[in-house]
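The chain contents come next:
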Amino acid sequence: MWHRLRSALRSLRGSPAAAPHGGGGRPPAAMERAVVRCVPSEPKLSLRFVLPDGSARHMQRDQEEPLGRALARIANNAAKGQGKAGKKSKKARAEGGAEGEAAVPAVRLFSRDGAAVAEEVPNATAWQDGAVLHIGDARYRVERNPPALTELRLPRSLLAGFPVCPKVSTEFAAPQHCLFRWFHEQRPAGGGEAAGEAWVETAAAERVFTPSNALVGLRLKLRCTPGDGEQRYGPALEVESSGPVEAGPGACTFDARHLYTKKVCGHGSVRAVSYNILADIYAQTEFSRTVLYPYCAPYALEIDYRQNLLKKELAGYSADLICLQEVDKSVFVDSLAPALDAFGLEGLFKIKEKQHEGLATFYRRDKFSLLSQHDIAFSEALLSEPLHKELCEQLAKYPLVQEKVLQRSSVLQVSVLQSTTDPSRKLCVANTHLYWHPKGGNIRLVQIAVAMSHIQHVACDLYPRIPVIFCGDFNSTPSSGAYSFISSGGIAEDHEDWVSNGEEERCSMSLSHPFKLLSACGEPAYTNYVGGFHGCLDYIFIDRNALEVEQVIPLPSHEEITTHQALPSVSHPSDHIALICDLKWK
């Protein structure tokens, strides 16, 4: 916090909002700053400036208030400041001046062209960028809504060879227009520990910085100057890493896959990724450490460590669409969204009710724009939406199964995207994570029925005949009823999955959907590999009438997966494996 306060006070004392490296538009050197924050959705505006006596003022005024009242308050504040200064002056007392009394200075506001602003003009209109405030002999250049940083944070864990993606939150600015300067601690001449005092600037001037092995043992510092893309810059903030750069794990399971995905594919193609990234709330339990993943080094289950691997893995796929499951809300907000934003991807999040994890869909900004979102929770939609009425009535005949379905917190994320280069090309991108229990095949069939009806409503009714890409962790092998239902378009009422949890939970329904869906990555031997189980549970289903597969990025070899026995490991951040394929419109 202190570095922010120091920076804020410094910025009020004459640090201009022009380009920090001597760019155009610099106000005169003698001019102080009066920073105005005025947002239409808020009733008040704020005004910050430093009086000639050195005291900082921060005022809140109604936007509709006449300017004259605000100027009168500023004059009153200035007079009080002079009075306090007079109290401290022995000379003033010796000359017999009345203590605490001071002449009220003339306070006026002049527009950019030099005309006095009338006192009856509302504050919101009066305080324009470039106006000049006069307080006695002092002059202040008004900066209305200058670029500002509201948060600047570095990850807790830094690994050599892995991208460091700061969290950058701005107001009246955008991260892509900010200026970044990276520093590392200076290593003492005799080796050993870093000095901790002197900082050496690196050659990097990008938002993302990848430290080399030479920086192991040294802390990093980032200086960020907020910009708005119109040659306006605000005061810089600095942040230092809490710990030093540590050595990376060496070769990772995704390194060889990155050789196929060095570049973003062309505008006629779409690279899609589906990946269950293993939520921290599941990785950090005693059960996970001792029963599920006893073979995994404890530090490799820590979220900070795994996030380093995940960010490098996902960034290296140069994807246009990324559908993730088991995303902790804090991981999305503080880690993945800022990191992938730096690589050109916009993120959407849908949390599971009653839980702290959910689904995330990312799309490449220069290829797609978001038209609409249609996310649902299966249990809520089943009860409340008319399009599921018939299914709901059928399910009511099986109260045990109905209860289990309604208890589940599973959700479906549906996003409609439009190509930025060809507006006629739209996509319905669905993402889900179905019920996990091995004996829950009947529950998954009902969830898929709700999902397909909802996707049909979006892709056939709301946006007629747009292609569907349906990604997720379906917790279903290729021999399951759920997989058969999705890929064939129907499921018979006598399918064995209707009795997946015994006769008392038998649930016989005949279901269908209108789509012709294909598993783009086929049926790999496994997409989930843990100590006690391995199998194919994840898929990218595509509309075979509109899309075709250009290439499937090969999965890691069995040797790579089992180098550390199973997943996750020091070289792989999840117990699942990402599916990646390049698609093109037919």
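These numbers were taken from a predicted model, which means no experiment stands behind them. (Residues numbered from 1 in each chain as written. Predicted model: local features only at pLDDT ≥ 70, side-chain atom pairs only at ≥ 80, totals over all residues. Heavy atoms only, no water.)

## Topic: the overall build of the protein
Piece 1. The secondary structure content of the protein amounts to 16 helices and 29 strands.
Piece 2. Counting only C-alpha atoms, the protein reaches 105 × 65 × 45 Å along its principal axes.
Piece 3. When the 586 residues of the protein are sorted by exposure, 52% land in the buried category.
Piece 4. Long-range contacts, defined as pairs at least 24 residues apart, comprise 69% of the intrachain contacts of the protein with a sequence gap of at least 6.
Piece 5. If you sum the accessible surface of the protein, you get close to 25,900 Å²; carbon and sulfur atoms cover 51% of it.
Piece 6. Taking the average location of the 64 positive side-chain charges in the protein and that of its 67 negative ones, the two points are 8 Å from each other. (Helix = DSSP H or I, 4+ residues; strand = E, 2+ residues; numbered from the N terminus. Buried < 20%, exposed > 50% of the residue type's maximum accessible area, 1.4 Å probe, protein only. Contact = heavy atoms within 4.5 Å. Areas by Shrake-Rupley, 256 points an atom, 1.4 Å probe, with all protein chains shown as cover. Lys, Arg positive; Asp, Glu negative; His and termini not counted. Charge placed at Lys NZ, Arg CZ, Asp CG, Glu CD.)

## Comments concerning the sheet that holds strand S29 (residues 579-585)
Piece 1. One open sheet holds the six strands; their spatial order is S15-S16-S14-S13-S29-S28, and the pairing between them is mixed. Of all the strands in the sheet, the pair left with one neighbour each is strand S15 (345-351) and strand S28 (547-552). Taking each pair of neighbouring strands and ignoring which way they run, the sheet shows an average axis angle of 25 degrees.
Piece 2. Pairing analysis gives seven bridges linking S15 to strand S16 (residues 357-364), with the strands arranged antiparallel. Within S16, the residue paired with Ile351 across the bridge is Gly358.
Piece 3. Relative to the sheet, helix H10 (residues 329-342) contacts strand S14 (321-328), S15 and S16, its axis offset from that of S14 by approximately 155 degrees. (Pairing = 2+ DSSP bridges. Axes fitted to C-alpha atoms, helices over the stretch in contact; angles between N-to-C directions.)

## Looking at unusual backbone geometry
Piece 1. Here the amide bond leading from Leu567 into Pro568 is cis, since omega sits at -5 degrees, within 30 degrees of zero.
Piece 2. Position of Pro568 among the secondary structure elements: in the loop between helix H16 (558-561) and S29.
Piece 3. For Asn475, which is not glycine, the phi dihedral falls at a positive 45 degrees.
Piece 4. You can call Asn475 buried: its relative accessible area is 14%.
Piece 5. Of note, Gln565 is a non-glycine position whose phi angle comes to about 80 degrees, a positive value.
Piece 6. Examined against the element boundaries, Gln565 turns out to sit in the loop between H16 and S29.

## Here we look at the side chain of Glu185
Piece 1. Mapped onto the elements of the fold, Glu185 is located in strand S9 (residues 179-185).
Piece 2. On the basis of relative accessibility, which here comes to 5%, the residue Glu185 falls in the buried class.

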